[in-house]
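# Descriptive analysis of the structure
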Amino acid sequence: MNTSGWIQLILFVGVLLAITKPLGLYLCKVLDADGKTFLDPVFKPLERLTYKLIGVDAKKEHDWKVYTISMLLFSLVGMLFTYAILRLQAALPFQSLFNPQKLPAVGEHLAFNTAASFTTNTNWQSYSGEGTMSYFSQMVALAIHNFTSAAVGIGIAAALVRGIARHSAKTIGNFWVDLTRVTYYLLLPICIVFAIVLVSQGMIQNFKPFDSATLKDPFTAQEQQKDGSSNPVFTTKQVQKTDEKNNPVTDAQGKPVMVAQSIPVMVDKKVDTQSIVQGPMASQVAIKMLGTNGGGYTNANAAQPFENPTPLSNFLQMLSIFAIPSALTFYLGRMVKNQKHGWAVWAAMFALFFGGVMVAWHYEAAGNPNLAALGVDPADGNMEGKEVRFGIFNSALFATITTDASCGAVNSMHDSFTPIGGLIPMLNIQLGEVVFGGVGAGLYGMLIYVIIAVFIAGLMVGRTPEYLGKKIEPYDMKMASFVILILAFSILGFSAWASVTKMGAPDPITQQLTDGTNNNGPHGFSEILYAYSSCTGNNGSAFAGLTANAPGYDTTLGFATLFGRFAMIVPILALAGSLARKKLVASSAGTFPVSGTLFTCLVVGTVLLVGALTFVPALVLGPVVEHFLMHGGKLF
Amino acid sequence: MKTIIKEITTSVLATLLFAIVCCGIYPVLIWGASQLLFSHQANGSLIEGSDHKPVGSEWLGQNFTSAKYFQPRPSSAGTGYDAASSGGSNLGPTSKKFINGTTKTIALPGKEAGKYEISDVVDFDGIKLRVLGYCDANNIAYELIQDGKPVDQKTFKNEKGEYDQVKLITAFNDDAKPLTVKPASLIPGDAVTGSASGLDPHISVKNALLQAPRVAKERKISVDVVKAEITNTKVTAGPQFGILGESGVNVLILNLALDKLAAK
């Protein structure tokens, strides 16, 4: 934990704090249907045209039910749109321009998983971007959700805040107006500037086919031989059969029992070129970060040097994850006419963020004792799965930020983190990604915890709980509890199911089903737990060793993303409707204040307590036990 | 019901309209602006060879195996630095494969058609083999220790005096009498660990300085000349603006610079 890291952390927090108020004030205008912004001359005509073309009366607001129906139908249509494009990838027109690598259609379970994942702002990727998705699929089928799912999230947060701010009201806003205004006035303009800055740092933006570079130092590698229809070739060898514990099996006469084992046929391949990825990357990366989507253009995501060339591009990408969620806390304060409340929520988020960074940074810098025992410099920390230009600090910081928010882009491989270093990203997701959080999703998630916190405070003093002048009643608590329970149900339920069955693809050699994990022992369990946490939390980062592109995983993970998004949003909108209808009660000496240190501590305590009670048993089986075994020198 | 049909129509129209604006106009606008302002970067920061064909990109590491070149970090991208399949090892800190390596049985086409020669080869090299290889290549003293006692390196070498890597990995993985490596000095972390992308263009400065004597010897030039190339600002980037990120040596640019020096 060196000085340069501390300076970078202070710089990051300083810049984040500095943009929170101006961006928050701008958000107030964007999220007001009649708000005036400095971009009106450019986007107002486009906004009016949009309402006209899609047939929306922008003056009319709706109750929570209509808002919910619009949101659900729009998401469903978008999901089908993406599914169709992925399935038809190889059959669409203009192949030479949009699919120069001649990539085949995406398979049905992968297309379902991907469509669900992008619609829900998750961006979980069971595939490798550069080898699966054509330029058209990246740019249209996937990127549309990077914009719209982010705009939907911000709209929902605004609807909930309106519900809190209004009283004796029926409506909470117009879904189509929120969607349009957020996209045009907030996401697009920032992305245009951001994408061009990213290109200046070395990110690509073109429509060329992959380039081929001639290597200075060619080398020979082995690859598996392919037959005429490009299936891998195997031969067989007679070997003695072994039982489940790897002991040789003999028959009744004591003779060895022989079985045929498949053996891959390899051929030497001279590697004398490097194919260089190309495509429209910068435009997609800008919205992938700003909209906390996180779906990488390439497999290695923000670790791939084109996708994150310099420490400055890294800094801006981290900042863009937190920018809107942080500004939304200011929007909350402004809307409920209690700016101190907005800052108190910000402070609670900051405390959880800071704690996470400290733990992850400490353990990554401490490194792996198994490597230190082999003479690897312990001062270098755990460099497996990290890039030299980012080093330990920026990798730990990025991992914390991307999981505090529901982004899921990675600049280092979480799977190769030390056990406790890797526990932080996982726990961040399991807490519901409320630490600044996804765009919109972070704020509405945190407000659920705020309501639970004031409820607990109310119980402690024996008064009817109130939140900003509204009585919190059984209906509201049912909705809030439902949100918490669905998270636990989906993460723990699916993880348990996947742990006792084999959801992975069959092993190419033995043809037996596998669990798809890349690591054995507790780390293998962590891979599964992380996958369902990430999908339910709509994060999308992974302990990427898990080979998730198999029907079992694709389908269950796809459903986890849908539960994690819609089974949460619907009760939240119901809560917004219920709060909007309520009458104001005058505050009195007994009213629990929703600002100040006591309130902030209570919220942080609630988040940690609810999270700990739910997920500690599972975490103990994964990263915690692995930490102790690692220090005991036990390998799996 | 009427509301629902109207909302579906609106959804379809909105999806198409946003597809045009956000997925058509927007990326093309960025494409135009970046081709105009930063065309070198937007097209992959390609480095051209003498025949104006690309020899690589400033940002993508390449595999160098010859001793006269600086060697990059171990890579899990395809067969090594395959820029069309980026990725890390995704092996965790307690993985046996990560530390000790693994072998696999393969068949190579034999002299007769349809016959194969079956043999064991290295599947994943692992940290121990990498440490050993790095020491060997860069003249760093080390000991092999089995069952707590030093063993002769010749035990694991073939007639030609080269290490039998399969034999080493088998001994590393022997739970009863595990073999381990003990270098005389510290090995830089980045030299034996794989990066996240498998395409890391950089190595640490101390890793480059440890490799410098070998490269100088192979190229029959003085170590000072090689070290001067390392400290060239085009090769070694310090923290950006003096604060952001870490310093690193760009392996491809350094190796190309050394080749250029030799061509003079």
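Because the structure is a prediction, the values reported are computed rather than measured. (Residues numbered from 1 in each chain as written. Chains lettered and ligands numbered in written order. Predicted model: local features only at pLDDT ≥ 70, side-chain atom pairs only at ≥ 80, totals over all residues. Heavy atoms only, no water.)

Further remarks concern the overall build of chain A. Secondary structure summary: chain A contains 19 helices and six strands in total. Against the 2.2 N^0.38 benchmark of 26 Å for 636 residues, chain A shows a C-alpha radius of gyration of 26 Å, consistent with a compact globule. With the principal axes as the frame, chain A shows a C-alpha extent of 90 × 55 × 50 Å. Here chain A holds 636 residues, and the buried ones make up 62% of them. Nonlocal contacts in chain A, meaning residues at least 24 apart in sequence, comprise 80% of its contacts between residues at least 6 apart. A total accessible area of about 22,200 Å² is found for chain A, and carbon and sulfur atoms account for 65% of it. Computed over 40 positive and 36 negative side-chain charges, the separation of the two mean positions in chain A equals 13 Å. (Helix = DSSP H or I, 4+ residues; strand = E, 2+ residues; numbered from the N terminus. Rg over C-alpha atoms; globule rule 2.2 N^0.38 Å. Buried < 20%, exposed > 50% of the residue type's maximum accessible area, 1.4 Å probe, protein only. Contact = heavy atoms within 4.5 Å. Areas by Shrake-Rupley, 256 points an atom, 1.4 Å probe, with all protein chains shown as cover. Lys, Arg positive; Asp, Glu negative; His and termini not counted. Charge placed at Lys NZ, Arg CZ, Asp CG, Glu CD.)

It is worth spelling out helix H17 (residues 522-536) of chain A at this point. Here H17(A) contains 15 residues, and its C-alpha end-to-end distance of 21 Å stays within 8% of the 21 Å for a straight helix at 1.5 Å per residue. Where H17(A) terminates, the next one or two residues include A:Asn538, which has phi positive at roughly 55°. (Expected span 1.5 Å × (residues − 1).)

Attention shifts here to the domain arrangement of chain B. In terms of domains, chain B is made up of domain 1 (2-43), domain 2 (52-87 + 198-264) and domain 3 (89-193). Distance between the C-alpha centres of domain 1 of chain B and domain 3 of chain B: 52 Å. (Domains from an automatic or database assignment.)

A few words on the domain arrangement of chain A. Entries for chain A in the domain assignment read domain 1 (211-276) and domain 2 (442-631). Taking the mean C-alpha position of each, domain 1 of chain A and domain 2 of chain A sit 43 Å from one another.

Here the structure, examined in full by the defined rule, presents zero disulfides over all chains. Cysteine A:Cys407 shares no disulfide, and the gap to the nearest cysteine sulfur, in A:Cys191, comes to 12 Å. Judged by relative accessible area, which is 0%, A:Cys407 ranks as buried. Here B:Cys22 is not cross-linked by a disulfide; its sulfur's nearest cysteine counterpart is in B:Cys23, at 5.8 Å. Residue classification places B:Cys22 among the buried positions, given a relative accessible area of 1%. (Disulfide = S-S within 2.5 Å.)

The next subject is the sheet that holds strand S7 (residues 179-183) of chain B. All names here are of chain B. Ordered by their spatial adjacency, three strands build an open sheet running S6-S5-S7, and the pairing between neighbours is antiparallel. Strand pairing shows two members of the sheet lacking a second neighbour, strand S6 (149-151) and S7, which therefore form its edges. For this sheet the average axis-to-axis angle between neighbouring strands, irrespective of direction, equals 45°. One ladder, built from three bridges, connects strand S5 (residues 142-146) with S6; its direction is antiparallel. In the strand pairing of S6, Gln146 is matched with Lys149. Strands in contact with helix H4 (residues 126-137) are S5 and S7; relative to S7, the strand with the most contacts, it is inclined by about 40°. (Pairing = 2+ DSSP bridges. Axes fitted to C-alpha atoms, helices over the stretch in contact; angles between N-to-C directions.)

Now for the environment of A:Ser283. Checked against the element boundaries, A:Ser283 lands in helix H9 (residues 282-290). Given a relative accessible area of 3%, A:Ser283 falls into the buried group. Linking A:Ser283 and A:Gln205, residues 78 residues apart in sequence, is a C-alpha distance of 7.2 Å. Setting aside residues up to four positions removed in sequence, A:Ser283 forms contacts with A:Ala195, A:Gln205, B:Tyr26, B:Pro27 and B:Ile30.

The α-helix winds at 3.6 residues per turn, so residues separated by three or four positions along the chain end up facing the same way. Here helix H19 (residues 597-631) of chain A spans only 38 Å end to end across 35 residues, well under the 51 Å set by a 1.5 Å rise per residue. Along H19(A), the sharpest kink reaches roughly 60°, centred on A:Leu619 and followed within four residues by the proline A:Pro623. (Bend = angle between axes of the 7 residues up to and from the residue.)

Let's shift gears to the packing of aromatic side chains. Taken as a whole, this structure holds 33 aromatic pairs over all chains when the rule is applied. Judged by centre distance (4.6 Å) and plane angle (40°), the ring pair of A:Phe322 and A:Phe436 falls under tilted. Of this pair, A:Phe322 sits in helix H10 (residues 311-335) while A:Phe436 sits in the loop between helix H14 (419-430) and helix H15 (441-461); the two residues are 114 residues apart in sequence, bridging distant segments of the chain. The class of A:Phe322 is buried, set by a relative accessible area of 0%. Note on A:Phe436: relative accessible area 1%, which makes it buried. Put simply, the rings of A:Phe12, A:Phe315, A:Phe322, A:Phe330, A:Trp343, A:Trp346, A:Phe350, A:Phe353, A:Phe354 and A:Phe436 pair up and form one aromatic cluster. Here the guanidinium or amino end of A:Lys386 rests over the ring plane of A:Phe417, the centre of that ring lying 4.2 Å away. Directly above the ring of B:Tyr69 sits B:Arg219, whose terminal nitrogen or CZ lies 5.2 Å from the centroid. (Phe/Tyr/Trp six-rings, centres within 6.5 Å; stacked < 30°, edge-to-face > 60°. Lys NZ or Arg CZ within 6 Å of the ring centre and 35° of its normal.)

So, about the interface of chain B and chain A. With 114 residues of chain B at the interface, the matching set in chain A holds 123 residues. Between chain B and chain A the total buried area reaches about 9,500 Å² when both faces are included, carbon and sulfur atoms providing 65% of it. Viewed at the interface, chain A and chain B are joined by two salt bridges. Where B:Lys206 meets A:Asp380, a salt bridge forms, and the shortest distance between an N and an O atom there is 2.8 Å. There are 52 residue pairs in polar contact (both at pLDDT 80 or more) connecting chain B and chain A. A total of 26 residues in the side of chain B that touches chain A trace back to one element, the largest contributor, which is helix H1 (residues 2-37) of chain B. Across the side of chain B that touches chain A, the residue classes break down as 58 nonpolar, 43 polar and 13 charged. (Buried area = accessible area lost by both parts, 1.4 Å probe. Salt bridge = Lys/Arg side-chain N within 4 Å of Asp/Glu carboxyl O. Polar contact = N/O pair within 3.5 Å; in protein donor to acceptor, adjacent residues only side chain to side chain. Nonpolar A, V, L, I, M, F, W, Y, C, P; charged D, E, K, R; others polar.)

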